[in-house]
2 protein chains.
Amino acid sequence: MSSQSSQGGFLPSEEQVLALLSQIQDWQINHGFLLKLLESETEHDVLSYPVGVSLYPTPFPKSLFNRAMDIQSIYNELYVAIARDETWLYDATKELIHTESLANALWGIHEQSKAAGAVQEISAAIFRSDYMLHTTNTKSPDPLDESETTLKQVEFNTFSCAGASHAKRVADMHRYMARTGAYNFKDAPEHHRPRASSLPRNDNVESLASLLATAHAAYGAPKSQASKQTAVLYIVQPYNFNVADERPIEYALWEREESVPTYRLDWGEDIIQYTTLTETKELLFHPPWLAGPDPVEVSVVYMRAGYEAHEYNHIGWQARLRLEQSSAIKCPSILSHISTFKKVQQALTAPGALERFLSPDKAALIRKTFVMMYPLDQSAEGLRARKILHDDSSNYILKRSLEGGGNNIYDGIPDFLASTPPGAWPSYILMERIKTPASMPRNILISRTGVEEGLTVSELGILGTCLWKQTKEPLLHNTCAGWTFKTKFADVDEMSVVKGYGCFDTPLLE
Amino acid sequence: MSSQSSQGGFLPSEEQVLALLSQIQDWQINHGFLLKLLESETEHDVLSYPVGVSLYPTPFPKSLFNRAMDIQSIYNELYVAIARDETWLYDATKELIHTESLANALWGIHEQSKAAGAVQEISAAIFRSDYMLHTTNTKSPDPLDESETTLKQVEFNTFSCAGASHAKRVADMHRYMARTGAYNFKDAPEHHRPRASSLPRNDNVESLASLLATAHAAYGAPKSQASKQTAVLYIVQPYNFNVADERPIEYALWEREESVPTYRLDWGEDIIQYTTLTETKELLFHPPWLAGPDPVEVSVVYMRAGYEAHEYNHIGWQARLRLEQSSAIKCPSILSHISTFKKVQQALTAPGALERFLSPDKAALIRKTFVMMYPLDQSAEGLRARKILHDDSSNYILKRSLEGGGNNIYDGIPDFLASTPPGAWPSYILMERIKTPASMPRNILISRTGVEEGLTVSELGILGTCLWKQTKEPLLHNTCAGWTFKTKFADVDEMSVVKGYGCFDTPLLE
């Protein structure tokens with residue numbers, strides 16, 4: 001236990017923990033900070049359980065938090081430039097077409113859609129760049145010493161970014177706890193009592209809604225003869241247990257001063273059944289329950305589905321193609337979606353890659369967040385990867401070029417590859433492990449399985465929103481849109497709160 | 001099915017109902033419109049399920065809704081006058097002392113507290129007056145015809161009034177549904193689509209918090225040497241599954257522009273353990289977790305426990321006595337609590353009783369909301385009750401003088417009384433049945449047990465808040481504080497949503 005970690009020198013008593021747990025539980029119920037217990041669902045009832053959270057906010061260096069927020073607009077600029085550069089994006093990801101059926105589907109849909117002719121020059125996107133703290137001195141005891149501690153990017157997400165609503169709720173919850181003095185334990189030293197003023201606010205839900213509202217306005221009046229109304233179409237996975245993360249964006253759109261009509265539609269068959277394309281490619285939504293003969297013309301398609309390979313059966317493919325072909329503004333369009341593959345993240349580490357898209361100053365700021373990454377192909381970089389595998393891969397992680405966790409190999413990489421057909425190797429990238437500063441903060445994490453105390457590692461996600469034309473004009477909208485923050489025990493590799501690894505948390509900025 | 005009832009002429013299809021149910025379920029989860037499944041509770045986890053709600057808002061005459069809101073300040077005035085008139089209150093309830101242990105405890109605690117000397121001349125209270133629609137013409141098909149339809153009071157609650165938070169949530173939910181066009185079914189006629197503008201807003205949580213904040217301010221600075229801070233003490237029942245109704249008032253107090261510190265304390269042993277009285281009767285709260293040696297001086301005691309006889313064991317009695325004796329402002333004080341017995345409601349129907357407390361004009365407005373009520377004692381009115389029982393009691397309900405539902409006899413009153421010792425009869429009052437207008441609205445009610453359609457009856461509760469000095473000055477605060485609205489099937493006698501009878505609803509004012 002390090003004396004530098006903020007909760008390091010103090011552990012609350014069992015009675016004190018129980019008092020906090022009771023407050024947290026009631027706050028979570030009252031604010032819908034919950035997940036559906038899907039197996040309990042009937043048409044008229046469902047049970048919900050609390051999302052995993054940390055008992056305390058977890059210390060995080062304020063200067064690095066601010067830097068991550070500051071550079072998000074550069075990351076937005078970078079990934080917009082990538083979406084505008086189909087040639088580069090194709091080169092970076094083309095090997096995946098043969099090894100990942102999702103990449104095959106996305107490029108296939110893009111080609112079909114392009115052949116039909118693009119009818120909407122505006123695109124929108126919600127990005128999330130995930131970071132962890134990294135030390136250049138593994139023996140360093142001081143995570144606040146910037147000469148030794150820095151931010152390194154874990155991954156960059158361009159599609160269906162989740163967690164914003166939960167991240168806002170946890171920030172509100174820890175702030176409430178701090179304001180009410182819930183942490184002011186008698187025997188806790190002053191610096192172990194988080195002040196509300198050290199906890200950042202999080203307006204991410206409002207920011208995401210604001211992007212979609214801006215895109216909705218940019219679309220303008222209905223163009224088809226058939227429709228008198230435009231609306232955002234929110235595409236979701238059916239039977240999702242995470243409605244408490246999805247729905248707040250929809251509520252925020254309806255509740256804006258100028259209300260933005262927003263309708264949900266399940267991925268797949270329902271898209272085929274309840275939408276049509278006009279001759280001039282307007283996407284019309286025909287909700288089965290709505291009054292009047294007029295369909296709704298879709299201004300913006302917001303995607304929270306379609307990120308898993310199995311969703312692209314024949315119907316899923318046709319559904320995505322219809323959305324992509326339409327004149328609706330896509331959030332995001334398919335080229336942005338493709339830029340989420342980890343092959344893109346790795347390709348950007350190649351010499352000169354960033355400078356293709358950014359000024360040298362901006363490229364330098366972005367490059368500072370990179371760790372070493374290698375492809376597993378026949379290139380010079382690929383051969384370097386093979387040498388690492390041969391010598392010592394213990395400082396590396398093998399990542400498959402798919403979204404989210406669950407596809408990473410942390411140990412025994414050579415054995416894993418030996419059992420994998422060499423033809424599938426290009427799906428993977430070899431990524432240098434991020435080295436957590438030695439003096440990790442302790443915290444108490446709450447989950448369905450229990451309340452545990454230990455050393456923790458946090459992941460900071462920064463949300464970015466942008467709107468742009470596919471031509472080379474300046475971006476129409478480019479902002480940092482808030483953050484997510486997740487904490488897990490140091491000895492756990494995975495980070496996925498809704499799957500039970502780690503929990504939502506608030507950075508205590510110091 | 002009557003053509004006058006607003007949803008009467010139209011039933012949505014199963015597909016349409018399912019679309020609404022899905023929206024309602026997600027809204028309830030996201031907004032904490034839930035109850036704890038207590039048996040699932042551990043220190044780190046708990047399941048919650050949705051509170052019962054109606055699919056649609058239910059029509060209610062706008063003029064009668066407004067009248068109920070308008071006369072609430074008179075009802076507040078009346079019940080403050082009763083709390084100031086101990087003699088009258090004692091006469092009205094003294095027979096209960098021998099038959100109801102709760103009445104015995106409350107009067108006993110009052111006497112002990114009075115003997116010790118009153119040290120706080122200010123009292124606060126939150127009242128709720130419950131009404132149903134009543135017709136003077138049981139064959140009338142028109143609930144909107146005021147010559148035939150009027151408001152009759154079911155009961156008047158002066159203690160621990162619940163339901164405000166749920167009532168606010170259901171109003172927000174139905175308004176959201178109406179605004180988003182969720183009810184605009186293709187085949188529903190225009191007048192079956194509730195407009196948001198016909199649904200009253202409900203600021204009841206903010207109003208209740210506002211009363212407590214006003215009382216907190218009226219208490220002033222800490223008086224004891226030991227304390228530097230004052231706070232509201234919120235007394236609750238332990239292991240309550242209804243935290244989503246209780247907590248929002250606490251959150252609203254903390255979140256006011258001028259934050260009002262509010263701490264929860266369980267009824268019983270915890271009051272004995274964590275509070276003390278100073279020599280000058282300041283009530284000090286010593287939260288076990290708080291930093292610093294200074295206890296908190298309690299400005300206001302807000303009671304959401306202590307309404308059941310079993311709570312007054314030796315410890316419960318001592319706990320309530322300590323609160324009552326203290327210089328904290330009680331919400332409510334014990335005389336107001338005693339005025340919640342149905343014997344008081346019945347005693348007010350006696351000739352001249354209202355005029356003891358109110359001007360003739362105001363008394364007339366209140367009396368219009370009364371049905372006939374009789375005691376079961378040896379008075380002239382009691383003898384009249386016996387004659388009714390002998391002739392035909394089918395138009396009457398027998399109510400025990402306790403809070404809430406579950407104690408009423410709807411059928412077989414003579415048989416019930418025959419099996420009850422005559423000494424216990426004075427606990428009961430005989431109350432004329434409220435006659436629901438014949439043309440009842442249809443609705444679809446959602447509960448854990450299913451989704452059912454049928455004829456419904458609603459109960460409108462009007463919340464009132466007041467602050468006063470025990471002397472005869474004008475009230476310091478006297479407002480109507482919002483509403484609750486519950487709907488059940490016409491063939492169900494009980495109304496208790498959290499127990500599974502009926503559901504929360506919004507009046508559709510027309």
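Position numbers for residues start from 1 in each chain and track the written sequence from start to end. As they are written, the chains are lettered A onward and the ligands numbered 1 onward, keeping that order. Since the coordinates come from a predicted model, pLDDT governs what is reported: local features require at least 70, and pairs of side-chain atoms require 80 or more to be given and counted, while whole-chain, interface and lining totals use all residues. Values shown for side chains rest on all heavy atoms present in the structure; no hydrogens or waters enter the calculation.

1. Examining the overall build of chain A
Right, on to step 1. Per the convention used, a helix needs a DSSP run of H or I reaching at least four residues, while a strand needs a run of E reaching at least two, with both numbered from the N terminus. Secondary structure assignment for chain A yields 15 helices and 21 strands.
Right, on to step 2. Over its C-alpha trace chain A gives a radius of gyration of 23 Å, about what one expects of a compact globule, namely 24 Å for 510 residues.
Right, on to step 3. If one aligns the C-alpha atoms of chain A with their principal axes, the spans along those axes are about 70 × 55 × 45 Å.
Right, on to step 4. A burial count over chain A gives 63% of its 510 residues as buried.
Right, on to step 5. The long-range share in chain A, meaning contacts at least 24 apart out of those at least 6 apart in sequence, stands at 74%. Here the globule rule is a power law, 2.2 Å times the number of residues to the power 0.38, and the radius of gyration is based on C-alpha atoms. Whether a residue is buried, partly exposed or exposed follows from its accessible area with a 1.4 Å probe, protein chains only, as a fraction of its type maximum: under 20%, in between, or over 50%, in that order. In what follows, residue pairs with any heavy atoms lying within 4.5 Å of each other are defined as contacts.

2. Looking at the interface of chain A and chain B
Right, on to step 1. Of the residues lining the interface, 61 residues belong to chain A; the matching set on chain B comes to 61 residues.
Right, on to step 2. Of the roughly 5,000 Å² buried between chain A and chain B, counting both surfaces, carbon and sulfur atoms make up 50%.
Right, on to step 3. For any pair of parts, buried area is found by adding up, for both, the accessible area (1.4 Å probe) each one loses once the two are put together. Summed over the three residues of chain A that lose the most area to chain B, namely Asn30(A), His44(A) and Trp289(A), the buried surface amounts to 14% of that side.
Right, on to step 4. Any Lys or Arg side-chain nitrogen found within 4 Å of a carboxyl oxygen on Asp or Glu counts as a salt bridge. Across the contact surface, chain A and chain B share six salt bridges.
Right, on to step 5. Any N or O atom pair separated by 3.5 Å or less is treated as a polar contact, with the protein-specific requirement of one donor-capable and one acceptor-capable atom, and with residues adjacent in sequence counted only for side-chain atom pairs. Put simply, chain A and chain B have 27 residue pairs in polar contact (both at pLDDT 80 or more) between them.

3. What about the environment of Arg67(A)?
Right, on to step 1. The residue Arg67(A) is located in helix α2 (residues 62-84) in this model.
Right, on to step 2. Using a relative accessible area of 25% as the deciding quantity, one classes Arg67(A) as partly exposed.

4. Things to note about the sheet that holds strand β14 (residues 396-400) of chain A
Residue and element names in this part refer to chain A.
Right, on to step 1. If you walk across this open sheet you meet the four strands as β13-β16-β14-β15, and the pairing is antiparallel. For this open sheet the edge positions go to β13 (373-375) and β15 (408-409), each flanked by a neighbour on one side alone.
Right, on to step 2. The pairing of β14 with strand β16 (residues 428-432) spans five bridges and is classified as antiparallel. When the bridges of β16 are listed, Leu-398 appears paired with Leu-430.
Right, on to step 3. Together, β13, β14 and β16 form the strand contacts of helix α14 (residues 380-391), whose direction differs from that of β13 by roughly 110 degrees. Strand pairing is assigned whenever DSSP detects at least two bridges linking the two strands. Angles here are taken between N-to-C directions and fall from 0 to 180 degrees, while the axes themselves are lines fitted to C-alpha atoms, restricted in helices to the stretch in contact.

5. Let's talk about the relation of the copies chain A and chain B
Right, on to step 1. What sets the superposition is a least-squares fit of C-alpha atoms, and only residues with pLDDT of at least 70 in both copies go into it. If you rotate chain A by 180 degrees and push it 0.0 Å along the axis, it lands on chain B with an RMSD of 0.0 Å. As the rotation angle and translation indicate, the two copies are arranged about a two-fold axis.

6. Re the state of the cysteines
Right, on to step 1. Here, the term disulfide refers to a pair of cysteine sulfur atoms separated by no more than 2.5 Å. Throughout the structure, instances matching the rule amount to zero disulfides over all chains.
Right, on to step 2. Cys480(A) takes part in no disulfide bond, and the closest cysteine sulfur, belonging to Cys466(A), lies 11 Å away.

7. Here we look at the confidence of the model for chain A
Right, on to step 1. A score between 0 and 100, pLDDT records how confident the predictor is in each residue. Scored by pLDDT, chain A comes out at a mean of 92, with 95% of its residues at no less than 70.
Right, on to step 2. Under a pLDDT of 50 for its full length, residues 1-8 of chain A has, in the predicted model, 22 contacts with residues more than four places off or in other chains.

8. A word on α14(A)
Right, on to step 1. Taking 1.5 Å per residue, 12 residues should reach 16 Å; α14(A) reaches 17 Å between its end C-alpha atoms and fits that length.
Right, on to step 2. Of the surrounding secondary structure, the elements contacted by the buried residues of α14(A) are β13, β14, α15 (413-418) and β16 of chain A. Expected span of a helix: the number of residues minus one, times 1.5 Å.

9. Some points on helix α7 (residues 204-219) of chain B
Residue and element names in this part refer to chain B.
Right, on to step 1. Here α7 spans 23 Å end to end across 16 residues, near enough to the 22 Å set by a 1.5 Å rise per residue.
Right, on to step 2. For α7, the full list of buried residues reads Asn-204, Val-205, Leu-208, Ala-209, Leu-211, Leu-212, Ala-213, Ala-215, His-216 and Tyr-219.
Right, on to step 3. Just beyond α7, the residue with positive phi is Gly-220, at close to 85 degrees.

10. Structural notes on the domain arrangement of chain A
All names here are of chain A.
Right, on to step 1. The split of the chain into domains comes from an automatic or database domain assignment. The domain boundaries assigned to chain A delineate domain 1 (14-371 + 434-509) and domain 2 (372-433).
Right, on to step 2. Spacing between the C-alpha centres of domain 1 and domain 2 amounts to 26 Å.
Right, on to step 3. Counting from both sides, the interface comprises 26 residues of domain 1 and, opposite them, 23 residues of domain 2.
Right, on to step 4. Here domain 1 packs against domain 2, burying approximately 2,300 Å² in sum over the two surfaces, 49% of which is carbon and sulfur.
Right, on to step 5. The largest share of the area that domain 1 buries against domain 2 comes from Glu-100, Lys-342 and Val-371, three residues that together contribute 28% of it.
Right, on to step 6. The interface formed by domain 1 and domain 2 holds two salt bridges in total.
Right, on to step 7. Among the ionic pairs, Glu-432 bridges to Lys-435, the shortest N-O distance being 3.7 Å.
Right, on to step 8. At the boundary of domain 1 and domain 2, one finds six residue pairs in polar contact (both at pLDDT 80 or more).

11. Section: the packing of α7(B) against helix α8 (residues 243-254) of chain B
Residues and elements named next belong to chain B.
Right, on to step 1. Where α7 meets α8, the closest approach of the two axes is 9 Å, and the angle between their N-to-C directions is 60 degrees. One way to sum up the angle between α7 and α8 is to call them oblique. Both α7 and α8 take part in a crossing whose hand is right-handed. When α7 is examined against α8, the residues Val-205, Glu-206, Leu-208, Ala-209, Leu-212 and Ala-213 are found in contact with a partner set consisting of Pro-248, Ile-249, Ala-252 and Leu-253.
Right, on to step 2. Classification convention: Asp, Glu, Lys, Arg as charged; Ala, Val, Leu, Ile, Met, Phe, Trp, Tyr, Cys, Pro as nonpolar; all other residues, Gly among them, as polar. Class assignment of the residues belonging to the contact of α7 with α8 gives a composition of nine nonpolar, no polar and one charged. Roughly parallel means an angle under 35 degrees; roughly antiparallel means over 145; roughly perpendicular covers 65 to 115; every other angle is labelled oblique. The sense of a crossing depends on the near helix, which, turned anticlockwise from the far helix by less than a right angle, makes the crossing left-handed and, turned clockwise, makes it right-handed.

12. Regarding unusual backbone geometry
Right, on to step 1. Looking along the chain, the bond that leaves Cys331(A) and enters Pro332(A) is cis, with omega of 0 degrees.
Right, on to step 2. Along the chain, Pro332(A) turns up in the loop between β12 (329-331) and α10 (334-338).
Right, on to step 3. Residue Lys281(B) is not a glycine yet carries a positive backbone phi of 75 degrees.
Right, on to step 4. Along the chain, Lys281(B) turns up in the loop between β9 (275-277) and β10 (283-285).

13. Focus: the packing of aromatic side chains
All names here are of chain A.
Right, on to step 1. Here is the rule: rings of Phe, Tyr and Trp (six-membered ring for Trp) pair when centre to centre is within 6.5 Å. Planes less than 30 degrees apart are stacked, more than 60 are edge-to-face, and the remainder are tilted. Inspection of every chain in the model, using the stated rule, returns 34 aromatic pairs over all chains.
Right, on to step 2. Plain terms: the ring middles of Tyr-374 and Tyr-396 are 6.3 Å apart, the flat faces sit at 50 degrees to each other, and that makes the pair tilted. Here Tyr-374, found in strand β13, pairs with Tyr-396, found in strand β14; they are 22 residues apart in sequence, far enough to count as distant. Across the pair, exposure class does not vary: Tyr-374 and Tyr-396 are buried alike.
Right, on to step 3. Each residue in the set Tyr-75, Tyr-79, Phe-127, Tyr-131 and Phe-156 is aromatic and connected to the rest through ring pairs, giving one cluster.

14. Focus on the nonpolar core
Right, on to step 1. Here, the term nonpolar core denotes a set of buried Ala, Val, Leu, Ile, Met, Phe, Trp, Tyr and Cys residues that are joined through side-chain atoms within 4.5 Å. Core analysis: the largest hydrophobic core is formed by 216 residues, its most contacted members being Leu78(A), Ile235(A), Leu348(A), Leu78(B), Ile235(B) and Leu348(B).
Right, on to step 2. Those residues in contact with Leu78(A), other than ones at most four positions away along the chain, are Leu348(A), Leu354(A), Phe357(A), Leu358(A) and Ile366(A).

15. Overview of the pairing of strand β8 (residues 262-266) of chain A
Residues and elements named next belong to chain A.
Right, on to step 1. Counting buried positions along β8 gives four out of five residues, so the element sits mostly inside the fold.
Right, on to step 2. As defined by bridge partners, strand β7 (residues 230-236) adjoins β8 across five bridges and the pair is classed as parallel. Residue pairing in the sheet places Leu-233 in a bridge with Tyr-263 of β8.
Right, on to step 3. With the strands pointing away from the viewer, any crossover whose connection runs clockwise from the first strand over the helix to the second is right-handed. Crossover connection from β7 via helix α7 (residues 243-254) to parallel β8: handedness right-handed.

16. A few points about the pattern of salt bridges
All names here are of chain B.
Right, on to step 1. Applying the stated rule across the entire model yields 48 salt bridges over all chains.
Right, on to step 2. One salt bridge in this structure joins Lys-94 and Asp-91, with 3.4 Å as the shortest N-O distance.
Right, on to step 3. When its relative accessible area of 46% is taken as the criterion, Asp-91 is described as partly exposed.
Right, on to step 4. Residue Lys-342 is joined to Glu-155 by a salt bridge in which the shortest nitrogen-to-oxygen separation is 3.3 Å.

17. Observations regarding the pairing of strand β11 (residues 296-304) of chain B
Successive residues of a regular strand alternate their side chains across the two faces of the sheet.
All names here are of chain B.
Right, on to step 1. For β11, a buried count of nine out of nine residues is recorded, marking the element as mostly surrounded by other parts of the structure.
Right, on to step 2. Note: strand β7 (residues 230-236) against β11, seven bridges, orientation parallel. When the bridges of β11 are listed, Thr-230 appears paired with Glu-297.
Right, on to step 3. Across two bridges, β10 lies against β11 in antiparallel orientation. The partner of Phe-285 across the bridge, within β11, is Val-296.
Right, on to step 4. Bridge count between β11 and strand β12 (residues 329-331): three bridges; the pairing is parallel. The residue of β12 that forms the bridge with Val-301 is Lys-330.
Right, on to step 5. Following the chain from β11 across helix α10 (residues 314-325) to the adjacent parallel β12, one finds a crossover that is right-handed.

18. Examining the side chain of Asn240(B)
Residues and elements named next belong to chain B.
Right, on to step 1. Relative to the helices and strands, Asn-240 resides in the loop between β7 and α8.
Right, on to step 2. In terms of polar contacts, Asn-240 uses its side chain to reach the backbone amide nitrogen of Asn-242, at 2.7 Å.
Right, on to step 3. Not counting the four nearest positions on each side in its chain, Asn-240 is found in contact with Lys-36, Leu-38 and Glu-246.

19. Points about the packing of helix α4 (residues 86-93) of chain B against helix α5 (residues 101-116) of chain B
Residues and elements named next belong to chain B.
Right, on to step 1. In the contact formed by α4 and α5, the axes pass within 13 Å of each other and the chain directions differ by 155 degrees. In terms of orientation, α4 and α5 fall into the roughly antiparallel class. Judged by the sense of rotation from one axis to the other, the crossing of α4 with α5 is left-handed. Mapping the contact onto sequence places Glu-86, Leu-89, Tyr-90 and Thr-93 in α4 and Trp-107, His-110, Glu-111 and Lys-114 in α5.
Right, on to step 2. Class assignment for the residues of the contact of α4 with α5 results in three nonpolar, two polar and three charged.

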